[in-house]
Amino acid sequence: MPILKQHSTKESSKAGMAPGTLIGISETEPAKTIVNCIEFDDSSLQEYSIVDIKNLKKIENDGKIRWIEIKGLLDIDKIENLGQAFNIHPLTLEDSLNTYLRPKFENFDNYFFISLKYVFFKEEITSKQISIIVAENVIITISESEVPGFENIKQRIKDNKNKITKSGKDYLMYMIIDMIVDSYFLAFESIGDKIEDIEDNVLKNPDSEIMDQIYSLKRQMIYLRKITWPMRDMISGIRRSDSEMISQTTQIYLNDVSDHIIQIIDTVETYRDMISELREIYLSSISNKMNEVMKVLTIIATIFIPLTFIAGIYGMNFHFMPELGWALGYPATIIFMIAISLVMILFFRKKRWI
Amino acid sequence: MPILKQHSTKESSKAGMAPGTLIGISETEPAKTIVNCIEFDDSSLQEYSIVDIKNLKKIENDGKIRWIEIKGLLDIDKIENLGQAFNIHPLTLEDSLNTYLRPKFENFDNYFFISLKYVFFKEEITSKQISIIVAENVIITISESEVPGFENIKQRIKDNKNKITKSGKDYLMYMIIDMIVDSYFLAFESIGDKIEDIEDNVLKNPDSEIMDQIYSLKRQMIYLRKITWPMRDMISGIRRSDSEMISQTTQIYLNDVSDHIIQIIDTVETYRDMISELREIYLSSISNKMNEVMKVLTIIATIFIPLTFIAGIYGMNFHFMPELGWALGYPATIIFMIAISLVMILFFRKKRWI
Amino acid sequence: MPILKQHSTKESSKAGMAPGTLIGISETEPAKTIVNCIEFDDSSLQEYSIVDIKNLKKIENDGKIRWIEIKGLLDIDKIENLGQAFNIHPLTLEDSLNTYLRPKFENFDNYFFISLKYVFFKEEITSKQISIIVAENVIITISESEVPGFENIKQRIKDNKNKITKSGKDYLMYMIIDMIVDSYFLAFESIGDKIEDIEDNVLKNPDSEIMDQIYSLKRQMIYLRKITWPMRDMISGIRRSDSEMISQTTQIYLNDVSDHIIQIIDTVETYRDMISELREIYLSSISNKMNEVMKVLTIIATIFIPLTFIAGIYGMNFHFMPELGWALGYPATIIFMIAISLVMILFFRKKRWI
Amino acid sequence: MPILKQHSTKESSKAGMAPGTLIGISETEPAKTIVNCIEFDDSSLQEYSIVDIKNLKKIENDGKIRWIEIKGLLDIDKIENLGQAFNIHPLTLEDSLNTYLRPKFENFDNYFFISLKYVFFKEEITSKQISIIVAENVIITISESEVPGFENIKQRIKDNKNKITKSGKDYLMYMIIDMIVDSYFLAFESIGDKIEDIEDNVLKNPDSEIMDQIYSLKRQMIYLRKITWPMRDMISGIRRSDSEMISQTTQIYLNDVSDHIIQIIDTVETYRDMISELREIYLSSISNKMNEVMKVLTIIATIFIPLTFIAGIYGMNFHFMPELGWALGYPATIIFMIAISLVMILFFRKKRWI
Amino acid sequence: MPILKQHSTKESSKAGMAPGTLIGISETEPAKTIVNCIEFDDSSLQEYSIVDIKNLKKIENDGKIRWIEIKGLLDIDKIENLGQAFNIHPLTLEDSLNTYLRPKFENFDNYFFISLKYVFFKEEITSKQISIIVAENVIITISESEVPGFENIKQRIKDNKNKITKSGKDYLMYMIIDMIVDSYFLAFESIGDKIEDIEDNVLKNPDSEIMDQIYSLKRQMIYLRKITWPMRDMISGIRRSDSEMISQTTQIYLNDVSDHIIQIIDTVETYRDMISELREIYLSSISNKMNEVMKVLTIIATIFIPLTFIAGIYGMNFHFMPELGWALGYPATIIFMIAISLVMILFFRKKRWI
Ligand SMILES: [Mg+2]
Ligand SMILES: [Mg+2]
Ligand SMILES: [Mg+2]
Ligand SMILES: [Mg+2]
Ligand SMILES: [Mg+2]
Ligand SMILES: [Mg+2]
Ligand SMILES: [Mg+2]
Ligand SMILES: [Mg+2]
Ligand SMILES: [Mg+2]
Ligand SMILES: [Mg+2]
Ligand SMILES: [Mg+2]
Ligand SMILES: [Mg+2]
Ligand SMILES: [Mg+2]
Ligand SMILES: [Mg+2]
Ligand SMILES: [Mg+2]
Ligand SMILES: [Mg+2]
Ligand SMILES: [Mg+2]
Ligand SMILES: [Mg+2]
Ligand SMILES: [Mg+2]
Ligand SMILES: [Mg+2]
Ligand SMILES: [Mg+2]
Ligand SMILES: [Mg+2]
Ligand SMILES: [Mg+2]
Ligand SMILES: [Mg+2]
Ligand SMILES: [Mg+2]
Ligand SMILES: [Mg+2]
Ligand SMILES: [Mg+2]
Ligand SMILES: [Mg+2]
Ligand SMILES: [Mg+2]
Ligand SMILES: [Mg+2]
Ligand SMILES: [Mg+2]
């Protein structure tokens, strides 16, 4: 969804309702809800679509890892059924459906809830919310629509089902978080290019279009700040949750993700500082241009106004103006005018205006 | 009450009085005090108005939940009697009557005190203070005047008296807090619209009316910051109060409210940043306009001042000016003038002024 | 004392002296030292002036509360004697005499020391330092000069000696602190009025007098920040001092004072933000005015400079200028000039300058 | 040393050397090293110069307090020998010789190390580094050159050797620190005077010299911030060091020094805010002046340009210009010109430009 | 690598890959990987190049200190083999290869990982990443290319192998960190010189080239902030890691490094403040210049425009203009013009414009 919409919250549409009332809150038209599952252990792997959600209820602990991927928030019934099947709190489901949610981590008795924004660049920074529920036997992801990065993860699962099964479902959770975090680095590249473009132009052509671009970048940074800083609390929430759900091995990978998140926040802050710098340069460029305009006006006016005055003097029609009769009156006047101009020019040179 | 009034505190009117002196401190004319009660358990529900407050004294623990709603701060006697009936500290009553109070949570031996601002948008952000006293057998709310959102809560009680009775009076407290918190999301929508309006206009028509609007928004944000940040301490005060008054189930709902409060603060900060941006754009737009004005002046003046000078030369009345007698003097002069103009225009084009 | 003086510290006059050297450091001429005492229990009350300070030494614990009020810092000997009588550390006395001291709380073995600024508005914010020593049998206050609010407290003691004796001397301490804290609310009202005045004028008449007023307010805010923030540490120092000197009952009253102090700091910060806003508006108002001035100049110049040039052309004295002989030369020129003016006016209208 | 030099660090000259390599790092020419000692107990006092440093090695614990004062950093050998005599870590000696060191406290097994800046005002704020080593039997101070304040301390020792011996060498340490801290108050007075000067001039004569003065003050504040904030950590380091070296009595004096340091930091921050304010006023004064200049130009130009145009019209040489022959043509034109001027003046008055 | 490149992160090139995938991420062309080892104890020292990395596997604890220096990140295989030989986690190797990494410290079971930036000045601040792995028997450093400072360390090892062997490999680690930290002081000197240059020019010649230089410095400061602040966490990570790897003696040296890092951060902040000041001065210089330009224009225009008007009056061709026939008309007009000029000049002098 576009930036400006992302700033508003639309919680307003639920004011006064009971908590846990499930309504999809998103800017874009909600997409049809599709529920797929990928189920694997070290030797086998199955992908299938889930239609009859109520049968999901009893998943025995058969050593298999299951990732249920829900995409599209239109059919709230399906999501509600799924929530009941896995004993998910209505408030968690409500959060999953609210695409204005801040990134967060919440630890329930029987599952964790993680909410994150996947970002991509399409004219400007745009985001897609992904909710991850890590329960005992299953990982459930809920997203507004298809997430391109998921394909890549599925491929890696297929290629390494042995290794990933051994690492456990917490490693799968890590893979999903890591993919989302990586999406920021991709987006930063586009922003970095825009900053370089503006840098190249701001001193040469400080026109109002550049101001517009700077403002657009600044707004995107405000948005990125808003969604990246909470990721720090989110990741440290996961790391600190002394849950048995996260193995020692995965902890090291989460440290790495945590590094990346700090690097993301660092980059957002750095870009923000650089954009502020650009605006300062823009403003001082305008001042410089204005100064130059004024100098041109002042030089021309200051040279010619006195000369025009002299010409005006000898354009007067007094009957008794002796100079008018002098043979050398005209050339002497012209020479006097040239002398005045030269004095002015020397004055401007001394002032370093020309 | 209007914003500017909201910034002042009017504590001054009580300087030098004994603590706990009950005086209604509010900007608007205080309204007549009305005391209503809604009393329910899983099977029955009664609504009635309380006139003789002294009889309230002994409420046996009959398993019923009671919500006493006081609206209007005119009849301080009534409020004082009620305070004595429920053993409320005079300082709490004083806080309830002071509509300039900062949102806060305070834990007394026999009750909690919660103070919050309900906001709504009516030309600009306006607030109404709501105090909530959560005692053993009863919830008491005190507000300056009728709070529209209360109707909705009462309706939900009537529809779900069974469920709410089971959840306990702490759940009712949650419902009231949640309704107040939701009022911010409704208000933000109006502010967001105003920001978008200004965004649309600031680059096109940076007139002083827009400055006025930006300033008005900025002031509202200063006010919102002032009343929203303390809500964070308030909610964490409730959550940390290891009181037996709050059940495990309600804790989860309070977490959700806490999320919303963080989101509210986030939005206030984001709007504040965006409004600051708007002012920057406004200022640079003015600079741009000024630059454009100066360019027009400079171009016109710089072209015509030298030409007028030349015309002035040949307007002089010297008797001996040979050029005046030349047959081609006039057309040559005109051509010379055109040549100068062209040089000037080329100069301006090179400078990218035209 | 006036603001600017209040910023300097005058500690310099004591550089190199031994610690505890008692010198009154204040801007204004120190007043003669007067020592009064009010002594009361639930049934009796006496007020008297203390002249022979050395006899004060042994106060038996007779259940009476004593408040010794010292006003005027001229007779340092008296204060020194009093300090010895009650076993007050020389550094405490030194602090009491230093009217540049930051608000603070210090816990000694046999007493607490509290230092606060009483403020009032007299053209600008002005302060008076009050030191409070809370010892086992007595409360001592030291102030530069008469404090108006003390009269009110004494009256309340006389009216409620029973209740106050029961509450203990810590309640008297609370009454004094509360009175000082209330002085800020009174001062804020005057500042709030000034801000409203400037708000009304800044958009209409942004002259340099307003800049002056804004600067004066800003300086007062810098001063208020400096003296209000430390009050937070002061009050929490008192509340945390797990002294048996403070009863459970008084703790609740101190919580209330603490609320007020936070509200004071909040108001200072809010006013500071609003004053900063006012300066921004002032500056953009000036820019707007400048823009308007430039537009008037540009419009007039841009219309008349070309016309004057045309008039200049036909004012040239070339012998052969066929147009001059045409019968319609003059009216045609005038019409041409009008046409040019209209084109210019349309251009300005398109640019929305007129 | 002058400010700008003080900002650089000159650590660079030691890059790549072994730690503890003793090289005097200072901007000014290092002075010859002189080592004096003052040795006293309650009844006797001796001052002498130390030449043969190696004999210092064994100082028996004879109840005497010794203060070894080293001034001048030229003879590094002497300092190195002294360090070995008292078992001082080479890194401590290195820090003592590095006059760019940040104020700090460091706790070694057999001594504390304290580093501070003594400041004084000589055109601008200038500092002199003083290192204090508090060992078991001795206090060693190391300074670039003579410190004027030391004379005063020595005099106080001579006058009160009894009292100071009883208080212990930690009290002597306090006296030295207190003297250094007091040097800031003296320097602030000069800065405060400069601020007042600028305040008086900035609204009247906002010329570029004032900008220069503001900038100079701002730079000095940047420097003062840099050296004052670390003093807070330094003093709390000493106070927290649960060393037996510091007696209960001296702790109270250190609290007082700590108060002064906070007051110093407060003053630096306040001055910094005030200087920022001054710059804002300077800038708005310039804008105001510019506005006034532009108004004068606009008024003159706007009145006379149309009049000159009219004069130009009747200066044209068309043969058929009926007005020229009218008897009242000239006076009517003059009256018309006056009328136009009056309209213009009314217009400017309405705009409140004149 | 140049600054702008250093801000981007290029993590993007690894988005979607498995963690621990080893790809060299750097801006410059990666150099061929060379692996050298220096191996010494108190009596012997050997330097050799390592070609067959797999034989490295078993290093017995023979009391020798080994420093393996890897330079150039082209041959990832070699680095991977080395990692396996010493049981280094793939994520650590990945970090070593990523030259955009933030300085950090990470504590693994069998080694520490330290990452730092070595800086140098070559037109602008440029950095080179150095990773240090401190394992049980060996220190491994990984750098993009040759690090000049390493030569110096090797020389010091050769000269003091006895002392360094006794101090242990943690002392060698300290020497490397210290050398890197010293590189900042060298770079600061160049920046300090640039700041002084700009300071000298900004008031005299505030042209746009200076703006460019200020912006370049500002950007370098943004970069330096980004890489210096994390060094604080890095060093305190090492100091707090209650590892037996760090001896008590080395701890004291690490304290010294920690001091230097704080001093580096301090200097970065100070330079940043000073550069901000420079920009403020630049902007106010421009305003001052503009003011001066406008004054010249206004003075000239305001004097001559009225005079030209008067000349225009007597240039009109009305038949009946009595003044034209007066013998003293011309000189009287000239005198009147001079009088007007003088009045104007007095007016400007009163306004202090000339
Ligand atoms: Mg934000
Ligand atoms: Mg990593
Ligand atoms: Mg990283
Ligand atoms: Mg990182
Ligand atoms: Mg940053
Ligand atoms: Mg900040
Ligand atoms: Mg930053
Ligand atoms: Mg929620
Ligand atoms: Mg939420
Ligand atoms: Mg949120
Ligand atoms: Mg922000
Ligand atoms: Mg402060
Ligand atoms: Mg209260
Ligand atoms: Mg309050
Ligand atoms: Mg408040
Ligand atoms: Mg604020
Ligand atoms: Mg605020
Ligand atoms: Mg702020
Ligand atoms: Mg003191
Ligand atoms: Mg103090
Ligand atoms: Mg202070
Ligand atoms: Mg500050
Ligand atoms: Mg301040
Ligand atoms: Mg950072
Ligand atoms: Mg050191
Ligand atoms: Mg240091
Ligand atoms: Mg330092
Ligand atoms: Mg800073
Ligand atoms: Mg900051
Ligand atoms: Mg600084
Ligand atoms: Mg700063």
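Residues numbered from 1 in each chain as written. Chains lettered and ligands numbered in written order. Predicted model: local features only at pLDDT ≥ 70, side-chain atom pairs only at ≥ 80, totals over all residues. Heavy atoms only, no water.

Under an unreviewed UniProt entry, the name given to chain A is Magnesium transport protein CorA, and the organism recorded is Methanomicrobium antiquum. What UniProt states about chain A under its Function (unreviewed entry) heading is, verbatim, "Mediates influx of magnesium ions." (UniProt positions renumbered as here; feature names shortened; annotations may be inferred.)

1. Some thoughts on the interface of chain A and chain B
Opposite the 64 residues of chain A that make contact, chain B presents 61 residues. Interface area, chain A with chain B, both sides summed: about 5,500 Å², of which 65% is carbon and sulfur. It is Tyr215, Val293 and Tyr330 of chain A in chain A that bury the most area against chain B; as a group they hold 12% of the surface buried on that side. We note a salt bridge from Lys351 of chain B to Glu292 of chain A, for which the minimum N-O separation is 2.5 Å. If you look at where chain A meets chain B, you find 14 residue pairs in polar contact (both at pLDDT 80 or more). Listed by contribution, the elements that provide at least two residues to the side of chain A that touches chain B are helix H1 (3–7), helix H3 (90–97), strand E4 (104–107), helix H7 (208–240), helix H8 (248–313), helix H9 (322–325) and helix H10 (329–350) of chain A. When the residues that make up the side of chain A that touches chain B are grouped by side-chain class, the tally is 33 nonpolar, 14 polar and 17 charged. (Contact = heavy atoms within 4.5 Å. Buried area = accessible area lost by both parts, 1.4 Å probe. Salt bridge = Lys/Arg side-chain N within 4 Å of Asp/Glu carboxyl O. Polar contact = N/O pair within 3.5 Å; in protein donor to acceptor, adjacent residues only side chain to side chain. Helix = DSSP H or I, 4+ residues; strand = E, 2+ residues; numbered from the N terminus. Nonpolar A, V, L, I, M, F, W, Y, C, P; charged D, E, K, R; others polar.)

2. Some remarks on the interface of chain B and chain C
With 64 residues of chain B at the contact, the number on the chain C side is 61 residues. Summed over both partners, the interface of chain B with chain C comes to about 5,500 Å²; 65% of that surface belongs to carbon and sulfur atoms. Three residues stand out in chain B for area buried against chain C, namely Tyr215, Val293 and Tyr330 of chain B, and they jointly supply 13% of the buried area on that side. The interface formed by chain B and chain C holds six salt bridges in total. A salt bridge links Glu277 of chain C to Lys218 of chain B; the shortest N-O distance between them is 2.9 Å.

3. Brief notes about the domain arrangement of chain A
Segmentation of chain A into domains returns domain 1 (3–285) and domain 2 (291–350). Put simply, the middle of domain 1 of chain A and the middle of domain 2 of chain A, counted by C-alpha atoms, are 74 Å apart. (Domains from an automatic or database assignment.)

4. Topic: the relation of the copies chain A and chain B
Each copy of the sequence occupies a distinct position, and chain A is placed on chain B by a rotation of 72 degrees and an axial shift of 0.0 Å, giving an RMSD of 0.1 Å. A rotation of that kind, with that shift, is consistent with a five-fold axis. By C-alpha distance to the rotation axis, the residue of chain A lying nearest is Gly315 of chain A, at 4.6 Å. Of the interface residues in chain A, just 14% have counterparts in chain B that sit at the interface too, so the contact is made through distinct surfaces. (Least-squares fit on C-alpha atoms with pLDDT ≥ 70 in both.)

5. A closer look at the sheet that holds strand E6 (residues 124–135) of chain A
Hydrogen bonds between backbone groups are what pair the strands of a sheet, and the pairing can be parallel or antiparallel. All names here are of chain A. The strand order across the open sheet built from seven strands is E2-E1-E3-E7-E6-E5-E4, with neighbouring strands paired in mixed fashion. Strand pairing shows two members of the sheet lacking a second neighbour, strand E2 (45–49) and E4, which therefore form its edges. Strand-to-strand twist of the sheet, defined as the mean angle between neighbouring strand axes without regard to direction, takes the value 15 degrees. Note that strand E5 (residues 111–122) and E6 share twelve bridges and pair antiparallel. When the bridges of E6 are listed, Leu116 appears paired with Ile130. Contacts from helix H2 (residues 76–85) reach strand E1 (34–40), strand E3 (65–71) and strand E7 (138–143) within the one sheet, and its direction differs from that of E3 by about 155 degrees. Along the sheet, helix H6 (residues 169–202) makes contact with E3, E5, E6 and E7, crossing E5 at roughly 25 degrees. (Pairing = 2+ DSSP bridges. Axes fitted to C-alpha atoms, helices over the stretch in contact; angles between N-to-C directions.)

6. Examining the packing of aromatic side chains
Residue and element names in this part refer to chain D. Under the defined criterion, the tally for this structure stands at 68 aromatic pairs over all chains. Here Phe348 and Trp353 contribute two aromatic rings whose centre-to-centre distance is 5.5 Å and whose plane-to-plane angle is 15 degrees, an arrangement assigned as stacked. Trp353 carries the same exposure label as Phe348, and that label is buried. Here the basic side chain of Lys154 rests over the ring of Trp67, its NZ or CZ set 5.9 Å away from the ring centre. (Phe/Tyr/Trp six-rings, centres within 6.5 Å; stacked < 30°, edge-to-face > 60°. Buried < 20%, exposed > 50% of the residue type's maximum accessible area, 1.4 Å probe, protein only. Lys NZ or Arg CZ within 6 Å of the ring centre and 35° of its normal.)

7. Considering the UniProt feature "transmembrane region" (unreviewed entry) in chain A
The UniProt record marks residues 296–316 and 328–348 of chain A with the feature "transmembrane region" (unreviewed entry), using the residue numbering of this structure. Split by type, residues 328–348 of chain A is 95% helix and 0% strand. Its first and last C-alpha atoms lie 30 Å apart.

8. Section: the relation of the copies chain B and chain C
Mapping one chain copy onto the other needs a rotation about an axis and a shift along that axis. Between the two copies, chain B and chain C, the superposition gives an RMSD of 0.1 Å; the rotation angle is 72 degrees and the shift along the axis is 0.0 Å. Interface overlap between copies is the fraction of interface residues in one copy that are interface residues in the other; for chain B against chain C it is only 14%, indicating separate surfaces.

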